[in-house]
Amino acid sequence: MPQHYDKTCSPFDDSELGTERSRNKDLKIAAVQNKKLTKNQQTFNRLSKRIEQLQNAIHRDSAKLEAVLKAYNADIPALQRSIAANRLSLAKSLGETTKRIKYGKRQAADVRNVILILCDEAFSQIEPDVETEQFYNAWSRSNYQQEVQSQKDAMKRMFSEEVKGAFGLDIDFGEMGGTPEEMARFASRIQSEIMNNGKQQERRCSGRKKSKKQIEQEELRKRKEIQQTKSMRSLYLSLAKALHPDTEMDGAEKMRKEELMKKVTVAYAGKDIAALLKLEMEWVASESHDLGTLPDEKLKLYIASLKEQVAALEVEHASVFYNPRFMPINDFWHLPEQQAVHEIWDLKQACTRLHGYLINMTDVCSDTSRKKDIVDFVKEYIAMADFDLSDPLGGYLVDF
């Protein structure tokens, strides 16, 4: 009895090939009695299992992050905005106290610092209106718009340095512009300059005398490219023959083959041998053919494709946690889901306490008889700011 392919669907199924007859199984070569798997067959099984594990991890971690983000978005953003508004109200009330209370020189300087701290914290969540900008400018040594522009300029300088370090190009990011259209045109220009720079370097290198090793490497690369082209054509013709819709009488099956043939054509046109190999493996899986009887050379091609898929999935898995939409929950993504949700609940309680605290201090600032309480608050707030604990959205375990 020959080795055989367990009736399965590829674990990396995209899904047209994952029909009901082959769904939810493992793509692997099974050993038969008294006959061990070859080294390549074992490698194939190990890689396909790794792909299955990575896809499960991507699905699991994405689902967890979505659940945690949902818990976060239910209350925290609204509380953030409310707290930002409370901070601005407190800052303005604190500013009003300087008209009614006589502060010492040091006390007045501390009041000014707290007003600016409160405004900066608020501006990280909400954009100031004209009146608030004017209030901030009255207390700051530089106006709000100048500071925003200064931050933008610093960011552009950083980008310029990174591009120069990576590609050796002097790019003036000050020419980028602010509209989406201007930014798109600038990005296109940068891409063009990087490509031209690369071509110039290639021409410079090609003009030099090549070593014997370099010549041998180029010849090997060309032979591989020729072999790959032949393999791709062979794969394409094989799949085109198997998937030709005119040979299928069943309507649903004919539509399935038409869709698959479109994918095969796109992969062949794009010279994507990995995609063609993946489609072939999935076709073999869906049709219950015997992978165990494949020649070693074909198995090696599958293994090369599987390795590429493992590498791509590992990158995809790592990138799940760096998706910009999950930035608000950066402090929680590494925790188990239930623990993360509990931490968010704690954050909500801390935010609620801070919300009440800011309202209470705003009321205190309206009472000129409570100078001592105002001065004590100012000192404490500066001390907390020094330790980066004044913002409960960063140091939310602090009990206000």
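Residues numbered from 1 in each chain as written. Predicted model: local features only at pLDDT ≥ 70, side-chain atom pairs only at ≥ 80, totals over all residues. Heavy atoms only, no water.

**Observations regarding helix H1 (residues 39-100)**
Thought 1: Taking 1.5 Å of rise per residue, 62 residues should cover 92 Å, and H1 covers 86 Å from first to last C-alpha, within 8% of that figure.
Thought 2: The sharpest bend along H1 measures roughly 45° and falls at Asn73, with the proline Pro77 sitting one to four residues further on. (Helix = DSSP H or I, 4+ residues; strand = E, 2+ residues; numbered from the N terminus. Expected span 1.5 Å × (residues − 1). Bend = angle between axes of the 7 residues up to and from the residue.)

**Looking at the packing of H1 against helix H10 (residues 337-365)**
Thought 1: Contact pair H1 / H10: the axes reach a minimum separation of 9 Å and the direction vectors enclose 15°. In terms of orientation, H1 and H10 fall into the roughly parallel class. In terms of crossing hand, the pair formed by H1 and H10 is left-handed. (Axes fitted to C-alpha atoms, helices over the stretch in contact; angles between N-to-C directions. Parallel < 35°, antiparallel > 145°, perpendicular 65-115°, else oblique. Left-handed = near helix turned anticlockwise from the far one by under 90°.)

**A few points about a nonpolar patch on the surface**
Thought 1: A cluster of nonpolar residues, Met155, Met158 and Phe159, forms a patch on the protein surface that exposes about 250 Å² of accessible area.
Thought 2: With respect to the helices, strands and loops of the structure, Met155 is situated in helix H4 (residues 144-167).
Thought 3: Assessed through its relative accessible area of 42%, Met155 is described here as partly exposed. (Patch = residues over 30% accessible without salt bridge, like charges linked within 9 Å, V, L, I, M, F, W, Y side chains within 5 Å. Areas by Shrake-Rupley, 256 points an atom, 1.4 Å probe, with all protein chains shown as cover. Salt bridge = Lys/Arg side-chain N within 4 Å of Asp/Glu carboxyl O. Buried < 20%, exposed > 50% of the residue type's maximum accessible area, 1.4 Å probe, protein only.)

**Thoughts on the confidence of the model for the protein chain**
Thought 1: Per-residue confidence for the protein chain averages 76 on the pLDDT scale, and 68% of its residues sit at or above 70.
Thought 2: No element of the protein chain has a lower mean pLDDT than strand S1 (residues 4-5), at 36, and none a higher one than H10, at 94.
Thought 3: Every residue in residues 389-400 scores below 50 in pLDDT, and together they form 32 contacts with partners more than four places removed in sequence or on other chains. (pLDDT = per-residue confidence, 0-100. Contact = heavy atoms within 4.5 Å.)

**With respect to the pattern of salt bridges**
Thought 1: With the rule as written, the count across this model stands at eleven salt bridges.
Thought 2: Of the charged contacts, one joins Glu52 and Lys49 as a salt bridge, the two residues approaching to 3.5 Å between their closest N and O atoms. Within this pair, Glu52 and its partner Lys49 are both found in helix H1, separated by three residues, close to a single helical turn.
Thought 3: The partly exposed category is assigned to Lys49, whose relative accessible area is 39%.
Thought 4: Ionic pairing is found between Asp75 and Lys348, a salt bridge with its closest N-O pair at 3.4 Å. One end of the pair, Asp75, is in helix H1; the other, Lys348, is in helix H10, and 273 residues separate them in sequence.
Thought 5: Assessed through its relative accessible area of 27%, Lys348 is described here as partly exposed.

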